[in-house]
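Summary of structural features
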Amino acid sequence: MVNNFIAKLLTHQITDMEEISRNAQLYDISFDSSCYAVAVIKIDNVSELFGDSGGDSDMGQDDFTTAAVIISNIMQEIISSEMTALMSIVGKNIITFTVYMDDSSQSSLDKLNNLLLQSVHSIDANFKIGYTVAVGEPCDGPLSLHLSYEDAMQTLEYKFIMPSAVILRHDMLEKKLTVSYNFGIAEQQRLMHSINSGIFENTKAVIDDIFSVCFDRSDGALISIVSAKYLLYEIVSCIAGASADMSEKISEYTNGIFNSCADVWEAKKYILKLADEACGKANRLKIESTLKTRAENYVNENYMNMSLSLTEIADNLGVSAKYLSAFYKKHSSFGLQTYINQVRIQNAIRLINDTDMQFKDISSEVGYTNFRTFSRVFKSFTGVTLSQFRSSQS
């Protein structure tokens, strides 16, 4: 079949001119031009072809076949109105047009570009198909067609950083690849510092700056797709590295970007979500690192308050009583209520030693509302009764 012949030619499975001539004669094809260019159309999404709104999981081979027929018929008709073109289908979702060019000049490429634009407008006006069009550099003969095809396939990848582009042209792309960005130590430290501060707005500002320099330039300059993907990997690694449990999932996070994000702006949303999570973890870490000390300080300053409770301490520290109780017990060998009693009994001992106050007055002074409770707790800590303790100190 002619489709298989062209597909093999484009993918460099045929490298002998005699074999090319033999197949050309068999399929009545004449390679009589001195210049060719390959246009590649990649079908990305057909979920809405028949009015559905499902995701990729709903897309079957029949839907792709239908979309390929629609695209190839419309493009074949429009391109062939002014230029000779051989259509072929390579794999499940790749359509190619090998176009016979007048020459390799800018005007010839612009002519092809205009025909492709007409095709795109016609398809988009009548069908809901997600697809990308790319054009490779012109080549000088059938043996070089694979080079133009490879150019076009590489150019397709730039849809990731140029999502609004209608047609991606390798010749135009080469002129725009002037952005060089090094995510060096200074930038990494700036991002890490913003995350460790726990302030998401600061982290977002750093990420906004990076994306502005690399992906949202007013001069239209571009970063290479390889550099772009490596930069995204480094940003994700830096964010995840700020948290021990997140650092174990770097591969999972980077796969999430490259497998589920259609373009760099979806990738940015994904990265900002990760950054928000990392900032939240940093804030919790800061809280936890001082929470035990702050809880104990509050008790030391307020133990004489008879209404002192776990809820009051937790409210003052900005956490829930349940969380504070579990946290304190986890980081101590006893609960927070035990610490409150410990502080109160220590101060009761001080008053017994330094004053002649009555036991009931001491009980109230150190925060107990019930003298019996005070007596019981005192004995549990000291091993003796109040009277025995005072006598032993005489």
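Read on for a plain summary of the structure. The structure displayed is predicted, hence computed values, not measured ones.

The subject of this paragraph is unusual backbone geometry. Not every positive phi belongs to a glycine, and H12 is a case in point at roughly 65 degrees. You can see H12 is positioned in the loop between α1 (2-10) and α2 (17-26). Classification of H12 by relative accessible area gives partly exposed; the value is 38%. Despite not being glycine, D28 has its phi angle at roughly 55 degrees, a positive value.

Let us look at the sheet that holds strand β4 (residues 130-135). In spatial order, the strands read β2-β3-β1-β4-β5; together these 5 strands make up an open sheet with mixed pairing. Both edges of this open sheet fall to β2 (85-90) and β5 (167-169), since each of them pairs with a single strand only. Direction aside, the axes of adjacent strands within the sheet are offset by 20 degrees on average. In the sheet, β4 pairs with β5 via 3 bridges, with the strands oriented parallel.

The subject of this paragraph is the nonpolar core. Membership of the largest hydrophobic core comes to 64 residues, with the highest contact counts inside it found for F31, I161, L191, F215, I235, I239 and I271. Ranked by residue count, the leading element in this core is helix α9 (residues 225-240), at 9 residues. Setting aside residues no more than four positions away along its own chain, L191 makes contact with F183, T203, V206, I207, I235, C238 and I239. In terms of nonpolar packing, the next biggest core, distinct from the first, is built from 33 residues, I95, V99, L109 and Y131 among them.

On to the pattern of salt bridges. A side chain of one charge can pair with a side chain of the opposite charge if their charged atoms are brought near each other. Under the definition given, this model contains 11 salt bridges. D219 is the salt-bridge partner of R217, the closest N and O atoms lying 3.0 Å from each other. Notably, a salt bridge pairs E296 with K292, separated by 3.0 Å at the nearest N-O pair. A residue pair is termed a helical-turn pair when its members lie 3 or 4 positions apart in one helix, as E296 and K292 do in helix α12 (residues 264-302) at 4 residues. A residue is classified by how much of its surface remains accessible, and K292, at 27% relative accessible area, is partly exposed. Salt bridges here are not isolated pairs; linked through shared partners, they connect D110, R169 and D171.

In this structure the tally under the stated criterion is 0 disulfides. With no disulfide partner, C139 has as its closest neighbouring cysteine sulfur the one in C35, 6.8 Å distant. Given the relative accessible area of 9%, C139 is considered buried. Left without a disulfide partner, C261 is nearest to the cysteine sulfur of C214, which lies 17 Å away.

Let us now look at the layout of surface pockets. If you add up the space inside the largest pocket, you get close to 780 Å³. Residue lining of the largest pocket: 26 residues in total, with K42, D44, T132, K159 and A262 positioned closest to the centre. Of all the secondary structure elements, the ones that give two or more residues to the lining of the largest pocket are β1 (36-45), α4 (106-126), β4, α5 (145-156) and α11 (250-260). With 4 residues, the single largest contributor to the lining of the largest pocket is β4. For the lining of the largest pocket, the class distribution of residues is 13 nonpolar, 5 polar and 8 charged.

Looking at the element boundaries, N302 is found in helix α12. Side-chain polar atoms of N302 contact the backbone oxygen of Y298, separated by 2.8 Å.

The tally for this structure, following the rule as stated, stands at 15 aromatic pairs. Taken together, a centroid distance of 6.3 Å and an interplanar angle of 50 degrees make the contact between Y328 and F334 tilted. Here Y328 falls in the buried class, since its relative accessible area comes to 1%. A relative accessible area of 27% places F334 in the partly exposed class. Taken together, F5, Y27, F31, Y36 and Y100 form an aromatic cluster joined through their ring pairs. Over the ring of Y368 we find R344, and its NZ or CZ is 5.2 Å from the ring centre.

Attention now goes to a nonpolar patch on the surface. Where nonpolar side chains cluster on the molecular surface, the patch consists of Y230, Y233 and F258 and spans about 310 Å² of accessible area. By the secondary structure assignment, F258 is in helix α11. Among the residues examined, F258 registers a relative accessible area of 32% and is labelled partly exposed.

Our next topic: the environment of D356. With respect to the secondary-structure elements, D356 resides in the loop between α15 (336-354) and α16 (359-365). When the C-alpha positions of D356 and I313 are compared, they lie 32 Å apart, and in sequence the two are 43 residues distant.

On to the environment of Q13, then. Structurally, the position occupied by Q13 is in the loop between α1 and α2. Since its relative accessible area comes to 55%, Q13 is described here as exposed.

At a closest axis distance of 10 Å, the pairing of helix α8 (residues 200-215) and α12 adopts a crossing angle of 155 degrees. Viewed along their axes, α8 and α12 adopt a mutual orientation that is roughly antiparallel. The two elements α8 and α12 meet at a crossing, and its hand is right-handed. Where α8 approaches α12, its residues F200, T203, K204, I207, D208, F211 and F215 are matched on the opposing element by V264, W265, K268, I271, L272, A275, D276 and C279. Class assignment for the residues of the contact of α8 with α12 results in 10 nonpolar, 1 polar and 4 charged.

Calculation rules
Residues numbered from 1 in each chain as written. Predicted model: local features only at pLDDT ≥ 70, side-chain atom pairs only at ≥ 80, totals over all residues. Heavy atoms only, no water. Helix = DSSP H or I, 4+ residues; strand = E, 2+ residues; numbered from the N terminus. Buried < 20%, exposed > 50% of the residue type's maximum accessible area, 1.4 Å probe, protein only. Pairing = 2+ DSSP bridges. Axes fitted to C-alpha atoms, helices over the stretch in contact; angles between N-to-C directions. Core = buried A, V, L, I, M, F, W, Y, C linked by side-chain atoms within 4.5 Å. Contact = heavy atoms within 4.5 Å. Salt bridge = Lys/Arg side-chain N within 4 Å of Asp/Glu carboxyl O. Disulfide = S-S within 2.5 Å. 1 Å grid on protein atoms, 1.4 Å probe; cavity = no way out; pocket = protein on both sides within 12 Å on 5 of 7 lines; lining within 4 Å. Points joined across faces, edges and corners; volume = space filled by probe spheres on them. Nonpolar A, V, L, I, M, F, W, Y, C, P; charged D, E, K, R; others polar. Polar contact = N/O pair within 3.5 Å; in protein donor to acceptor, adjacent residues only side chain to side chain. Phe/Tyr/Trp six-rings, centres within 6.5 Å; stacked < 30°, edge-to-face > 60°. Lys NZ or Arg CZ within 6 Å of the ring centre and 35° of its normal. Patch = residues over 30% accessible without salt bridge, like charges linked within 9 Å, V, L, I, M, F, W, Y side chains within 5 Å. Areas by Shrake-Rupley, 256 points an atom, 1.4 Å probe, with all protein chains shown as cover. Parallel < 35°, antiparallel > 145°, perpendicular 65-115°, else oblique. Left-handed = near helix turned anticlockwise from the far one by under 90°.

Such coordinate-based values are descriptive only and should not be taken to indicate function.
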